[in-house]
Amino acid sequence: MIIGTFLFYFILFLFVFSSPEKLKQRDKRWTKILVLPAVFALILAFLTVIKVFFIYKIILIIVLGLTTLLTYWQYGERIKHWLG
C-alpha cells in the first residue's frame, strides 16, 4: 500500500515539476527532474503512514509551496546558477 501511495504522489509531482522547457533542453539531467518529485512523494507517503488527515497534507503542500516560491524569488539567480 505504501509503495502505491508513493508511486501515486511521485507520478503526480512528476507532472507538476516537469515543464516542457526543461524537457526540450539538450542537456537533460534526469536527476534534476526526478529528485524533487521523489522527495515530496516520500514526505507525503510518510505522512500517509502516520495517518495525518488529508486537510493537513493540503496545508503542508501549500506551506511548502509558498516557502519554495518565496525562496525562489529571493535566491532565484543563485539557484539557476547552481542548477546549471
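Quick caveat, the model's predicted, so the values are computed rather than measured.

Draft legend 1. Geometry of the nonpolar core. Among the nonpolar cores identified, the biggest contains seven residues, and these are Tyr9, Phe10, Phe13, Phe40, Ala41, Leu44 and Leu47. Elements with a contribution of two residues or more to this core: helix 1 (2-17) and helix 3 (30-49).

Draft legend 2. Representation of the packing of aromatic side chains in the model. One pass over the full model with this rule turns up two aromatic pairs. Ring geometry for Phe6 versus Phe10: centroids 5.9 Å apart, planes at 15°, classification stacked. Placement of both Phe6 and Phe10 in helix 1 is noted, with a separation of four residues, approximately one turn of the helix. Of the residues examined, Phe6 reaches a relative accessible area of 25% and is grouped as partly exposed.

About the cut-offs
Residues numbered from 1 in each chain as written. Predicted model: local features only at pLDDT ≥ 70, side-chain atom pairs only at ≥ 80, totals over all residues. Heavy atoms only, no water. Core = buried A, V, L, I, M, F, W, Y, C linked by side-chain atoms within 4.5 Å. Buried < 20%, exposed > 50% of the residue type's maximum accessible area, 1.4 Å probe, protein only. Helix = DSSP H or I, 4+ residues; strand = E, 2+ residues; numbered from the N terminus. Phe/Tyr/Trp six-rings, centres within 6.5 Å; stacked < 30°, edge-to-face > 60°.

Purely geometric numbers; function is a separate question.
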